[in-house]
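Structural features, examined
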Amino acid sequence: MTAVNVPIEHVLILAGALFAIGLAGVLVRRNIIFLLMSLEIMMNACGLAFVAAGARWAEADGQIMFMLVLSLAAAEVAVGLGLVLQLARRFDHLDIDAASELSG
């Protein structure tokens, strides 16, 4: 089986499109679940760009940065889950504007 080389321009265009979709989701949606999913899409787009750049220059730096992005995503999910639970308990809805009323 032969390896297929995808041009880096195509991968970066895909990463840019994914980042734009995630950014549109962050700006448009007010539900915290959709907001967190949009942030995950944006982080995965950044990770894809890092891996593509690392593969282009045959360096492991892209994969190392992607592992950093993965750990950041795990921390974001942990903090986000705490926010979701607090919003659901106190307000019975997941509107992000209600987060300004949280005190703690």
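Thresholds applied
- Residues numbered from 1 in each chain as written.
- Predicted model: local features only at pLDDT ≥ 70, side-chain atom pairs only at ≥ 80, totals over all residues.
- Heavy atoms only, no water.
- Phe/Tyr/Trp six-rings, centres within 6.5 Å; stacked < 30°, edge-to-face > 60°.
- Lys NZ or Arg CZ within 6 Å of the ring centre and 35° of its normal.
- Helix = DSSP H or I, 4+ residues; strand = E, 2+ residues; numbered from the N terminus.
- Expected span 1.5 Å × (residues − 1).
- Buried < 20%, exposed > 50% of the residue type's maximum accessible area, 1.4 Å probe, protein only.
- Contact = heavy atoms within 4.5 Å.
- Axes fitted to C-alpha atoms, helices over the stretch in contact; angles between N-to-C directions.
- Parallel < 35°, antiparallel > 145°, perpendicular 65-115°, else oblique.
- Nonpolar A, V, L, I, M, F, W, Y, C, P; charged D, E, K, R; others polar.
- Core = buried A, V, L, I, M, F, W, Y, C linked by side-chain atoms within 4.5 Å.

Description of the packing of aromatic side chains
Each aromatic ring pair is specified by the distance between its two centres and by the angle formed by the two planes. Using the criterion set out here, one finds zero aromatic pairs in the structure. Its end group placed over the ring of F34, R29 keeps NZ or CZ at 4.2 Å from the ring centre.

Re helix α3 (residues 61-91)
For an α-helix, 3.6 residues make a turn, and residues three or four places apart therefore share a direction. Between its first and last C-alpha atoms α3 spans 44 Å; for 31 residues at 1.5 Å apiece the expected length is 45 Å, and the two agree. Within α3 the residues assigned to the buried category are G62, V69, A73, E76, G80, V84 and L87. Against α2 (32-56) lie the buried residues of α3.

Looking at the packing of α2 against α3
Between α2 and α3, whose axes approach to 9 Å, the crossing angle comes to 175 degrees. One way to sum up the angle between α2 and α3 is to call them roughly antiparallel. Tallied by class, residues from the contact of α2 with α3 come to 16 nonpolar, five polar and two charged.

A short note on the nonpolar core
Within the largest apolar cluster, seven residues are counted, these being I32, L35, L36, V84, L87, I96 and A98. Only α2 and α3 provide two or more residues apiece to this core. Ranked by residue count, the leading element in this core is α2, at three residues. In contact with L35, not counting residues within four places along its chain, are V26 and I96.

What about the side chain of S38?
With respect to the helices and strands, S38 occurs in helix α2. Residue classification places S38 among the buried residues on the basis of a relative accessible area of 7%. Dropping the residues within four chain positions of it, S38 is found in contact with G22, G25 and V26.

A short note on the environment of A49
In this fold, A49 is placed in helix α2. Using a relative accessible area of 25% as the deciding quantity, one classes A49 as partly exposed. Between the C-alpha atom of A49 and that of G16, which follows or precedes it by 33 residues, the distance is 8.4 Å. If we skip the residues at most four places from it in the chain, A49 touches L12 and A15.

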